[in-house]
Each structure stands twice: as structure tokens, then as C-alpha cells.
Amino acid sequence: MTSATHGTPAVAEQVGTLDAPRSPYMRKKTTRGNYELYSWVFMRASGVVLVVLVFGHLFVNLMVGEGVKAIDFAFVGGKWSSPFWQIWDLLMLWLAMIHGTNGLRTIINDYAERDVTRGVLKGLLYLAFTIVVVLGTLVIFTFEPCPVGADPELLASFCTA
């Protein structure tokens, strides 16, 4: 429908496509979630927790007692005989792996140009994450500080009793 005198579209057609000048801003609904937002928040929170866990780990292992000279099988055996240190090291392992995997995922998404390359790299990343976390968790919880038939010189002091 055009105006008879000017050959321009009628006002009625234009009104349907333009918002009123004083209408409030309406955000368009998207179906995406807030995964990247939660990922960003997780990176900040896990970074703070990791700093505490890592410096606590370094302090106990290097400063308390005889220092780095004392770290051997018996030291690890004595430390991991306590559920407290098992949970501490497990938290450190899991948070570090999730934090690092999330960071690499972001780098892959930013720099891998082709979808196939991005998919392969992320698949390898998730495979490596799974292997390290499963094996690390198994080592922490199945570690035997007093193995049968081991040299008594190498065992923790509580094993000889």
C-alpha cells in the first residue's frame, strides 16, 4: 500500500516495524544458558581455593619438619594414612584439573578456527582430564603405606609396630 501522491509506503506499514520513542528497552530472549558466566566465576573461585591448597601443601611438605630432605615413601605413607590429607590432596587434584581443563577449553574455543579441529582438541583434552583424575583419585585412596614384604627401612614408623 503506497501513498497516492508520493509513491512511499503508507504510515500504517511503518508503524508495525518501529518502536515508540519512549518504549522501554526489551531484552531479546535467548535459549542459551549461562555456562560461560558460571565458568568465569568458577575460575575465579577455584583460583583462590587453589592458592590456599597449594601453599598449604608446600608449607607442610617443605617447611614443617626436616624440609625437603624428609620427603620419601615413608613421608607420603604417613601423610596419606590420614583422611584429612587424602581429602586435601584430592581437592587439590580435582580443582587443579578442572581449573586447567576449563582454561584450555577456553583457549581452544578462542583459537581453533575449524569445528573439526576444535572438536578433536577438546576431545583429547577431556580424555586427558578423565585419565589423570581417575588415576590420581585411585592412587590417593588405594595407596598402601605399609606394603607387605617391603624393606622396613623405607616404611613409615607406624608400619613397623
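Here, residues in each chain are numbered from 1, in the same order as that chain's written sequence. Local features in this predicted model are restricted to residues of pLDDT 70 or higher, and side-chain atom pairs are both shown and tallied only at a pLDDT of 80 or more, whereas totals for entire chains, interfaces and linings draw on every residue. Side-chain calculation: all heavy atoms of the structure are included, whereas hydrogens and water are not.

J.: Please explain the overall build of the chain as it appears in this structure.
T.: A tally of regular secondary structure across the chain gives five helices and zero strands. In this description, accessible areas are obtained by the Shrake-Rupley approach with a 1.4 Å probe, and a residue is regarded as covered only by the protein chains that are shown. When the accessible surface of the chain is summed, it comes to about 12,300 Å², and 68% of that surface belongs to carbon and sulfur atoms. Strands are runs of DSSP state E lasting at least 2 residues, helices are runs of H or I lasting at least 4, and numbering of each runs from the N terminus.

J.: Would you mind going over the packing of aromatic side chains with me for this structure?
T.: The geometry of two aromatic rings is summed up by the distance between their centres and the angle between their planes. Think of it this way: a Phe, Tyr or Trp ring, Trp meaning its six-membered ring, pairs with another when their centres are within 6.5 Å, and the plane angle makes it stacked under 30 degrees, edge-to-face over 60, tilted otherwise. Going through the model one piece at a time under the given rule, you end up with four aromatic pairs. Ring geometry for W80 and F143: centres 5.3 Å apart, planes at 85°, overall edge-to-face. Highlighted residues: W80 in the loop between α3 (73-79) and α4 (83-111) and F143 in the segment after α5 (115-142), separated in sequence by 63 residues. Relative accessibility decides the category of a residue: with a 1.4 Å probe and only protein chains considered, values under 20% of the type maximum give buried, values over 50% give exposed, and everything between is partly exposed. Judged by relative accessible area, F143 falls into the partly exposed class, the value being 22%. Cluster of aromatic residues (ring-pair linked, three or more members): F84, W85 and W88.

J.: Any chance you could explain the packing of helix α2 (residues 35-63) against α4 here in plain terms?
T.: Each pair of packed helices can be summarised by the angle the axes make with each other and by the distance between the axes. In this analysis, axes come from line fits to C-alpha atoms, helices being fitted only over the stretch in contact, and the angle between any two N-to-C directions falls in the range 0 to 180 degrees. One way to put it is that α2 packs onto α4 with a least axis distance of 9 Å and a crossing angle of 140°. Accordingly, the angle class assigned to the pair α2 and α4 is oblique. In the crossing of α2 with α4, the sense of the turn from one axis to the other is left-handed. Throughout, the ten residues Ala, Val, Leu, Ile, Met, Phe, Trp, Tyr, Cys and Pro are labelled nonpolar, Asp, Glu, Lys and Arg are labelled charged, and all others, Gly among them, are labelled polar. Broken down by class, the residue content of the contact of α2 with α4 amounts to 16 nonpolar, eight polar and three charged. Between 65 and 115 degrees an angle is taken as roughly perpendicular, under 35 as roughly parallel, over 145 as roughly antiparallel, and anywhere else as oblique. Here a crossing is taken to be left-handed if its near helix is turned anticlockwise relative to the far helix by less than a right angle, and right-handed if that turn runs clockwise.

J.: I'm lost on the pattern of salt bridges in this one. Help?
T.: A side chain of one charge can pair with a side chain of the opposite charge if their charged atoms are brought near each other. Salt-bridge detection follows one rule: a side-chain nitrogen of Lys or Arg within 4 Å of a carboxyl oxygen of Asp or Glu. Tallying each qualifying case throughout the model produces three salt bridges. Residues R105 and E36 are paired through a salt bridge, measuring 3.1 Å at the closest nitrogen-oxygen approach. Separated by 69 residues along the polypeptide, R105 in helix α4 and E36 in helix α2 bring together distant segments of the chain. By relative accessible area, R105 is classed as buried at 5%. Taking the relative accessible area as the measure of exposure, E36 reaches 47% and is therefore partly exposed.

J.: Please clarify how the UniProt feature "transmembrane region" (unreviewed entry) in the chain should be interpreted in this entry.
T.: UniProt positions are given in the numbering used here, feature names are shortened, and annotations may be inferred rather than shown by experiment. When the UniProt feature table is mapped to this numbering, "transmembrane region" (unreviewed entry) covers residues 37-64, 84-104 and 124-143. Across residues 37-64, the secondary structure splits into 96% helix and 0% strand, with the terminal C-alpha atoms separated by 40 Å. Span residues 124-143 is 95% helix and 0% strand, its end C-alpha atoms 28 Å apart.

J.: Sorry if this is basic, but what is going on with a nonpolar patch on the surface here?
T.: Note on patches: the residues involved have over 30% relative accessible area and no salt bridge, like charges join within 9 Å, and the nonpolar side chains Val, Leu, Ile, Met, Phe, Trp and Tyr join within 5 Å. Together, V51, V54, F55, L58, F59, L62, M63, V64, V68 and I71 make up an exposed nonpolar region whose accessible area comes to about 910 Å². Mapped onto the elements, F55 comes out in helix α2. On the accessibility criterion, F55 (54% relative accessible area) is exposed.

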